[in-house]
Amino acid sequence: MGLKGLEVGTLSEKGRAHLGRGELSVALECSTRAMQVLETQHGMITQAQRFYFTHYRILHANGRTDEAKVYLQKAHDEVCRVANQITEESLRTSFLHNVPINREILQTFAQHNRPEPR
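Reading the values: rules and limits
Residues numbered from 1 in each chain as written. Predicted model: local features only at pLDDT ≥ 70, side-chain atom pairs only at ≥ 80, totals over all residues. Heavy atoms only, no water. Helix = DSSP H or I, 4+ residues; strand = E, 2+ residues; numbered from the N terminus. Contact = heavy atoms within 4.5 Å. Expected span 1.5 Å × (residues − 1). Buried < 20%, exposed > 50% of the residue type's maximum accessible area, 1.4 Å probe, protein only. Core = buried A, V, L, I, M, F, W, Y, C linked by side-chain atoms within 4.5 Å. Phe/Tyr/Trp six-rings, centres within 6.5 Å; stacked < 30°, edge-to-face > 60°. Axes fitted to C-alpha atoms, helices over the stretch in contact; angles between N-to-C directions. Parallel < 35°, antiparallel > 145°, perpendicular 65-115°, else oblique. Left-handed = near helix turned anticlockwise from the far one by under 90°. Nonpolar A, V, L, I, M, F, W, Y, C, P; charged D, E, K, R; others polar.

Student: I tried to follow the environment of Ala61 on my own but got confused; where do I start?
Tutor: Turning to its location among the elements, Ala61 is positioned in helix H3 (residues 48-61). Between the C-alpha atom of Ala61 and that of Val79, which follows or precedes it by 18 residues, the distance is 22 Å. In contact with Ala61, not counting residues within four places along its chain, are Leu19 and Leu24.

Laid out in structure tokens, this is it:
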């Protein structure tokens, strides 16, 4: 799984770089390939939440919002899965709130799941 993790990370980072340059279709190609590799590993790669969240961002930028929501949910689920394995409360809180990518995932998920104002 180590080499697969490296492959996923490299493809995901390439996708993120292309996104930053506004090259949306290339970003989507790279990120989609990263997700294909990640899925063959059943999501069991270190920091999978980061890769899911990058794919969410790229899909969202490409206007594929329904599909993007699926990957935001996966990123959120992975953060929660790992957090639930941390038995010491202070470490779990630190993991959730002091790790920038985890905090961003939780905040974005909360924003997208707020009840609509009446």
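Student: What should I look at first to understand helix H2 (residues 24-40) in this one?
Tutor: Along an α-helix, residues three or four apart share an orientation, since each turn contains 3.6 residues. Given a rise of 1.5 Å per residue, 17 residues ought to cover 24 Å, and the 24 Å separating the end C-alpha atoms of H2 matches this to within 8%. Those residues of H2 that fall on the buried side of the exposure criterion are Ala27, Leu28, Cys30, Ser31, Ala34, Met35, Val37 and Leu38. A positive phi of about 60° marks His42, the residue just after H2.

Student: When you look at the nonpolar core in this model, what are you seeing that I'm missing?
Tutor: Soluble globular proteins tend to pack their nonpolar side chains together in the buried interior. Counting residues in hydrophobic clusters, the biggest one holds 27 residues, and the most contacted among them are Val8, Met35, Leu38 and Tyr52. Listed by contribution, the elements that provide at least two residues to this core are helix H1 (2-20), H2, H3, helix H4 (65-84), helix H5 (89-97) and helix H6 (100-112). Contacts of Leu38, omitting those with residues within four sequence positions, involve Val8, Gly43, Ile45, Ala48, Phe51 and Tyr52.

Student: Would you mind showing me how to read unusual backbone geometry here?
Tutor: Glycine aside, negative phi is the norm for most residues, and most peptide bonds take the trans geometry. Phi angles above zero are rare outside glycine, and Gln47 is one such case at about 65°. By relative accessible area, Gln47 is classed as partly exposed at 40%.

Student: I tried to follow the packing of aromatic side chains on my own but got confused; where do I start?
Tutor: How two aromatic rings sit relative to each other is given by the distance of their centres and the angle of their planes. Considering all chains together, one arrives at 2 aromatic pairs under this definition. Considering the side-chain rings of Tyr52 and Tyr71, the 6.2 Å spacing of their centres and the 45° angle between planes classify their relative orientation as tilted. One end of the pair, Tyr52, is in helix H3; the other, Tyr71, is in helix H4, and 19 residues separate them in sequence. Of the residues examined, Tyr52 reaches a relative accessible area of 6% and is grouped as buried. Residue classification places Tyr71 among the buried positions, given a relative accessible area of 13%. Ring geometry for Phe53 and Tyr56: centres 5.4 Å apart, planes at 20°, overall stacked. Placement of the pair is Phe53 and Tyr56 together in helix H3, with a separation of 3 residues, close to one helical turn. Tyr56 gets classed as buried once you look at its relative accessible area, which sits at 7%.

Student: I would appreciate a short explanation of the side chain of Asn102 in the present structure.
Tutor: When you line up the elements, Asn102 lands in helix H6. Excluding residues within four positions of it along the chain, Asn102 makes contact with Gln49, Val79, Phe95 and Leu96.

Student: I tried to follow H4 on my own but got confused; where do I start?
Tutor: With 20 residues, H4 extends 28 Å between its outermost C-alpha atoms, agreeing within 8% with the 28 Å of an ideal straight helix rising 1.5 Å per residue. At its buried positions, H4 is contacted by H2, H3, H5 and H6.

Student: It is not clear to me how the packing of H3 against H6 should be interpreted in this structure. Could you clarify?
Tutor: Helix packing for two helices is described by the angle between their axes and how far apart those axes are. At a closest axis distance of 10 Å, the pairing of H3 and H6 adopts a crossing angle of 45°. Put simply, H3 runs oblique to H6. For the pair H3 and H6, the crossing hand works out as left-handed. Residues Gln49, Arg50, Phe53, Tyr56 and Arg57 of H3 lie in contact with H6, whose contacting residues are Ile101, Asn102, Glu104, Ile105, Thr108 and His112. Looking at the contact of H3 with H6 residue by residue, the class counts come to 4 nonpolar, 4 polar and 3 charged.

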